[in-house]
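Read off the chains here:
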Amino acid sequence: MITTLAAEHNLPDSELLAVINGGFDEELKNTADRVRREFFGDLVYIRGLIEISSICKNDCIYCGIRASNGNAARYRLTKEEILSCCKTGAELGFSTFVLQGGEDLYFTDDILCDIIDSIKKISPDAAVTLSVGERSRESYKALKNAGADRYLLRHETADSGHYARLHPEGMSLDTRKRCLYALKELGYQVGSGFMVGSPYQTAENILADIRFLQEIQPDMIGIGPFVPHKDTPFGEFPHGSLELTLRLISVLRLCFPESLLPSTTALGTISPDGRERGLMAGANVVMPNLSPQEVRSKYNLYDNKLAIGAESAEGLRILEEKIKSAGYTLSMSRGDSPRVLKERNKQI
Ligand code: SAH
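Only a predicted model underlies this, so the values are computations on that prediction, with no experimental measurement involved.

### Quick look at the overall build of the protein chain
Alright, step 1. When its secondary structure is counted, the protein chain shows 14 helices and nine strands.
Alright, step 2. Taken over C-alpha atoms, the radius of gyration comes to 19 Å for the protein chain, in line with the 20 Å a tight globule of 348 residues would show.
Alright, step 3. The burial tally for the protein chain puts 60% of its 348 residues in the buried class.
Alright, step 4. By sequence separation, contacts in the protein chain at least 24 residues apart represent 74% of the contacts at least 6 residues apart.

This is the structure in structure tokens:
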């Protein structure tokens, strides 16, 4: 079954469900590692994560910075602060900057376009990735024209009933999907993904997630365990399991051999060696935190979120060692999607 998955990047529903439900752990992991090395060698790409705002108009039930959390500490970085993070990052050798934040209405198209343009002036060769939620097609277009290269927007769950249990009225899977299709069509390198073990999630939901990803064919796929935040209605739910997250990273590597798969902060948060184990299961991206020190504890999506040591940009040397001891090599290159590199080569 795993051999078929590795060769054909797909399995019928019943077989994929059997793997999701706990089959073939060692064989699955080893095959995923082999496939990852075939396509990417031993490289692990690094992205500098800048958390630009903890202010959010949305009220996603699972998220610590949801609008109705009165205990959340709110901040918003200025343009100068964001540029200063990028300068620090560039000095450390980063060549991708990910601007992530809540849906903060302050960040109009004009303001974001000006920031993107300024980053490109400081670091013309760096990739700019945005992760600022749902916007109109026109807005995505303006941001792309200003120089944004990539966009991360997890679909969160591809089952509309499950989506409705994780989000307030007024948010819908259809809108989320429409955003993803628009981003793709506008030429962004697109990242989607979902939480593992979010409340009420079933194995069938995960199967639907994989089927949706096969439909949209993203360049990046971010998955990480759900981690409860005490000031949300999901505060008492257990976190998603390490084993299931690792198994799904391997499944995704086999279904999407050329994808960029981060070993996420949430994985490192639920287990001290989670990030390394994510890499060994098939992940090939790590996103250290480049946000100003004083705001890191305020971007609190879930309890105990890591932001120090190997998780932080200053801890790059520690991270490099950890990546090495897991059997891989840290790369400071842009790590563009192989799909995009192939298209560029065709044009030359
Ligand atoms: N506003 C942006 C960024 C959201 S934060 C957007 O809508 O895309 C980035 C990701 O963190 C989310 O997509 C979600 O999958 C994840 N996240 C939020 N709360 C979480 C929690 N409690 N546990 C684990 N992951 C969480």
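Text resumes after the structure shown.
### Notes on the sheet that holds strand β4 (residues 127-131)
Alright, step 1. Here six strands make up an open sheet; going across it, the order is β2-β3-β4-β5-β6-β7 and the pairing parallel. The sheet terminates laterally at β2 (48-53) and β7 (220-225), the two strands that pair on one side only. Across the sheet, the mean angle separating the axes of adjacent strands is 20° when strand polarity is ignored.
Alright, step 2. With six bridges joining them, strand β6 (residues 189-196) and β7 adopt parallel strand pairing. The residue bridging Ser192 from the neighbouring strand is Ile221, located in β7.
Alright, step 3. In the packing of helix α8 (residues 173-185) onto the sheet, the strands contacted are β5 (150-152) and β6, and the crossing angle to β6 comes to about 150°.

### Side note on the site of the ligand
Alright, step 1. The immediate surroundings of the ligand are formed by 17 residues, with Tyr62, Gly101, Arg154, Glu156 and Val227 found nearest.
Alright, step 2. At a separation of 2.6 Å, an oxygen atom of the ligand approaches a polar side-chain atom of Glu156.
Alright, step 3. Taken by itself the ligand offers 560 Å² of open surface, and the protein chains cover 91% of this.
Alright, step 4. In the shell around the ligand, the residues fall into 10 nonpolar, four polar and three charged.

### Looking at the pairing of strand β3 (residues 96-101)
Alright, step 1. Of all the six residues making up β3, six are buried; the element is thus mostly covered by neighbouring parts of the structure.
Alright, step 2. A two-sided burial pattern is seen for β3, the buried positions comprising Thr96, Val98 and Gln100 on one face and Phe97, Leu99 and Gly101 on the other.
Alright, step 3. Two elements, β2 and β3, share five bridges in a ladder whose sense is parallel. Its bridge partner being in β3, Gly48 is matched across the sheet by Phe97.

### Regarding unusual backbone geometry
Alright, step 1. A positive phi angle is found at Glu156, which is not glycine, with a value near 75°.
Alright, step 2. Along the polypeptide, Glu156 turns up in the loop between β5 and α7 (160-166).
Alright, step 3. For Tyr200, which is not glycine, the phi dihedral falls at a positive 70°.
Alright, step 4. Within the secondary structure, Tyr200 is located in the loop between β6 and α9 (203-216).
Alright, step 5. The exposure class assigned to Tyr200 is partly exposed, which follows from its relative accessible area of 40%.

### Quick notes on the pairing of β4
Alright, step 1. The element β4 is extensively covered by neighbouring structure, given that five of its five residues are classed as buried.
Alright, step 2. Burial along β4 is two-sided: Ala127, Thr129 and Ser131 and Val128 and Leu130, pointing in opposite directions, are all buried.
Alright, step 3. Bridge count between β3 and β4: five bridges; the pairing is parallel. Residue Leu99 lies in a different strand from β4, and its bridge partner there is Leu130.
Alright, step 4. Taken together, β3, helix α5 (residues 109-122) and β4 form a β-α-β motif whose crossover is right-handed.
Alright, step 5. As judged from the two bridges shared by β4 and β5, these two strands associate in the parallel manner. Looking at the pairing, Thr129 lines up with Arg150 of β5.
Alright, step 6. The parallel pair β4 and β5, bridged by helix α6 (residues 137-145), forms a crossover whose chirality is right-handed.

### Examining the sheet that holds strand β1 (residues 43-46)
Alright, step 1. Overall, parallel pairing links the three strands, which are arranged β8-β1-β9 in an open sheet. Looking along the sheet, the strands with just one partner apiece sit at the ends: β8 (285-286) and β9 (329-331).
Alright, step 2. Where β1 and β8 come together, two bridges link them in parallel fashion. From the neighbouring strand, Ile46 faces β8, where its bridge partner is Val286.

### Notes on α8
Alright, step 1. Along its 13 residues, α8 runs 18 Å from first to last C-alpha, staying within 8% of the 18 Å computed at 1.5 Å per residue.
Alright, step 2. For α8, the complete set of buried residues consists of Leu173, Arg176, Cys179, Leu180, Ala182 and Leu183.
Alright, step 3. Just downstream of α8, Gly187 is the residue with a positive phi angle, here 95°.

### As for helix α13 (residues 316-325)
Alright, step 1. What α13 keeps buried is the set Leu316, Leu319 and Ile323. Projected down its long axis, α13 shows its buried positions confined to an angular sector of 55°, all on one face. Away from the buried face of α13 by more than 90 degrees, exposed residues Arg317, Lys324 and Ser325 are located.
Alright, step 2. Along its buried surface, α13 packs onto β1, α4 (79-92), α12 (274-280), β8 and β9.
Alright, step 3. Phi turns positive, to about 105°, at Gly327, one or two residues after α13.

Reading the values: the criteria
Residues numbered from 1 in each chain as written. Predicted model: local features only at pLDDT ≥ 70, side-chain atom pairs only at ≥ 80, totals over all residues. Heavy atoms only, no water. Helix = DSSP H or I, 4+ residues; strand = E, 2+ residues; numbered from the N terminus. Rg over C-alpha atoms; globule rule 2.2 N^0.38 Å. Buried < 20%, exposed > 50% of the residue type's maximum accessible area, 1.4 Å probe, protein only. Contact = heavy atoms within 4.5 Å. Pairing = 2+ DSSP bridges. Axes fitted to C-alpha atoms, helices over the stretch in contact; angles between N-to-C directions. Near = heavy atom within 4 Å. Polar contact = N/O pair within 3.5 Å; in protein donor to acceptor, adjacent residues only side chain to side chain. Areas by Shrake-Rupley, 256 points an atom, 1.4 Å probe, with all protein chains shown as cover. Nonpolar A, V, L, I, M, F, W, Y, C, P; charged D, E, K, R; others polar. Right-handed = clockwise from strand over helix to strand, strands pointing away. Expected span 1.5 Å × (residues − 1). Arc of directions from axis to C-beta.

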